[in-house]
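Single-letter residue listing:
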Amino acid sequence: MTTNEALIKYCLRLGDTSLILGQRMAEWCSKGPVLEEDIALSNIGLDLFGQSRTMLTYAGEIEGKGRTENDLAFKRLEREFFNNLMSERPNGHFGETVVRNLFLSAFTYNLYKKLSLSKDDTIAAFAAKSLKEVTYHLRHSGEWMIRLGDGTEDSHNKIQQSVNDLWEYTGDLFAMNEVDELLIAENIAIDLNEIKPLWNNTINEILERATLTRPLDGFMQKGSLNGIHSEDLGHLLTEMQFLPRAYPNSKW
Amino acid sequence: MSNTDDQGPIWEVFLQSKPGLAHKHVGNLHASDKEMALQNARDLYTRRKEGTCIWVVPFDAIVSSTPEDDEAFFEPSNDKAYRTPTHYVLPEGAKHI
Amino acid sequence: MEDAKKLEEFQAKIDAEIKIEPKDWMPEDYRKHLQRQMSQHAHSEIIGMQPEGNWLLRAPSLRSKVVLLAKIQDEAGHGLYLYSAAETLGKSRTEYLDELKTGKAKYSSIFNYPTLTWADMGAVGWLVDGAAIVNQVSLQRTSYGPYARGMVKICKEESFHQRQGYEIMADMAKGSPEQKEMAQDALNRFWWPSIMMFGPHDSDSPNTGNAVKWKIKRATNDQLRQSFIDKTVHQAEIIGLTIPDPDLKWNENRGSYDFGEMDWDEFWTVVKGGGPCSKQRLKHYNDAHNNGEWVRKAAKAYAEKQNSKQKVA
């Protein structure tokens, strides 16, 4: 594997994670618990789509085969997506979305902080800009965690269940392979072992304020690095990619 | 603890559009508490780069005069034109005053 | 006696173009009319999110997806501004939403039509938003202060909405033959419902009298409809699409287009709940509202706990 090949994969990971989570956020449109929250969820979605466009465009450029952000978003198959497993988790109820988004934004927040010093200028600029966005996403999901955890008995139970259910997808966030090895050596990527303790701190603090219990690490899902996903991703892609696939020769 | 389902209290939103300017009333929203009110104000009223600072104030904290106060409050100042610079006659040619 | 004098003063203010503000005296009918009109307007924004939301997840490019999401989000915002203006009339958002939930309140019938293809995103933006904007521009001068201010804000933000729709139509009209066909089909389906958005003819419109006298409405249904048609015909010609009205013809004397009669039977059927998506739209709203109940209650319970902690401390 060349550095370039590794870099493409790395950009796809970042871009795909934002894209798939963005699509999940778009699913909330017109379904929020209050009008104000509907608007907030859309804002998060818009940030994420913006992030994915930057990274997918860059991946296409490095690849040099003329693929655009849209080619990469709409014309790749299930096994060619490298978003982490957490991002594709279905929305479930509002609390489940909050937990998923918290786990992810606590990850990207700590990752982008470090990535903003990447030797790759585009990634560094992407991370610096995205950091501002995910800082807000983290605050948003964190504040909701606290309200749902320390709200009613019903909400407490619901969200504790979501924490328990989603915990097994947290391992995949920190998985690394030769892509990382290569790029860490070039000071482009970050060793995720450095991010883990930071993520732990963020999560522990919020769980405590939310009066919730951190589950013990048990079985952990894995596979996103190799394009192995849950069944849910295929359905998401089927819907998302419908038009460009149904009319392959049309421009939109 | 009340168990009714509602939209939460109203918060009035004031936005400063750039440093140096006064905060201006832009509208209101519903939120359960002040942090949520602040976040909602950010999401609702700054979607188009409108702001550099947000205030949220509980609607109940605002004291308003009423139309019945109008005459007593505002009309007495009508005949005090000496508070405005155009009231004064300046000698021909005087500048920068 | 007192009321007659107040009514006279009220009308004098209206005639002098002085805005009515929440704490001012107003006739009960004025208040009721505004409560109904503003909440219908707000409900329309909220329900109007659904037909477009139907294609959000299937938008064919990332750009079209963010544009559509931003537009639908604006609609939520505009619904919110309108509820907030309507709340100044002494009725809470919860009460207004209850009327929507139970089907007691109406919203614009146009949203009870389905969006069947991506081209409908073009037609909705171009025609439905286009028609709404004509109405809203006129309402910027409405006599009730909070409503007028809300309209000014909404018109400013909506300026991109119609362009977004028109751009989709224009792109598809010059795209592949099947895309052009889709665009024409969307225009065919949305044209008549769009021009019916302005409501019945003035001669059949029972609420117009007082609304015009009190300057809640600044132009009549037929005036607004004509103004919309006059500006839209040319836009269709430019992109090579045909408006599905054989009677559409420029009238030199009037300086306006003549057009065919609308299907008022269909109009009243949809108004009375017989639209293709009437039940579906209401159910979608109710499901979202019901699914959010535990969240709203949790937020409220948290706030109450924090408040009582503060009092102890």
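Please read all numbers here as calculations on a predicted model, not as lab measurements. (Residues numbered from 1 in each chain as written. Chains lettered and ligands numbered in written order. Predicted model: local features only at pLDDT ≥ 70, side-chain atom pairs only at ≥ 80, totals over all residues. Heavy atoms only, no water.)

Our next topic: the side chain of Lys71(C). Residue and element names in this part refer to chain C. In this structure, Lys 71 sits in helix α4 (residues 62-87). Among the residues examined, Lys 71 registers a relative accessible area of 0% and is labelled buried. Within the structure, the side chain of Lys 71 is placed 2.9 Å from the side chain of Asp 129, a separation counted as a polar contact. Setting aside residues up to four positions removed in sequence, Lys 71 forms contacts with Glu 52, Gly 125, Asp 129, Phe 160, His 161 and Gln 164. (Helix = DSSP H or I, 4+ residues; strand = E, 2+ residues; numbered from the N terminus. Buried < 20%, exposed > 50% of the residue type's maximum accessible area, 1.4 Å probe, protein only. Polar contact = N/O pair within 3.5 Å; in protein donor to acceptor, adjacent residues only side chain to side chain. Contact = heavy atoms within 4.5 Å.)

Residue and element names in this part refer to chain C. Given a rise of 1.5 Å per residue, 14 residues ought to cover 20 Å, and the 20 Å separating the end C-alpha atoms of helix α12 (residues 278-291) matches this to within 8%. Every buried residue belonging to α12 is among Ser 278, Arg 281, Tyr 285, Asn 286, Ala 288 and His 289, and all of these are buried. Looking down the long axis of α12, one finds its buried residues gathered within 160° of arc, a one-sided arrangement. Opposite the buried face of α12, at more than 90 degrees from it, the exposed residues are Lys 279, Lys 283 and Asn 291. Summarising the contacts, the buried residues of α12 are in contact with α2 (28-47), α3 (49-56), α5 (93-101), α11 (264-274) and α13 (293-312). (Expected span 1.5 Å × (residues − 1). Arc of directions from axis to C-beta.)

So, about unusual backbone geometry. Residue Asn187(A) is not a glycine yet carries a positive backbone phi of 60°. Its place among the elements puts Asn187(A) in the loop between α7 (178-185) and α8 (192-209). Here the phi dihedral of Glu17(C) falls at roughly 60°; this positive angle occurs in a residue that is not glycine.

Moving on to the side chain of Asp180(A). Residue and element names in this part refer to chain A. Along the chain, Asp 180 falls in helix α7. When its relative accessible area of 1% is taken as the criterion, Asp 180 is described as buried. With sequence-adjacent residues up to four places away left out, Asp 180 is seen in contact with Tyr 10, Arg 13 and Leu 192.

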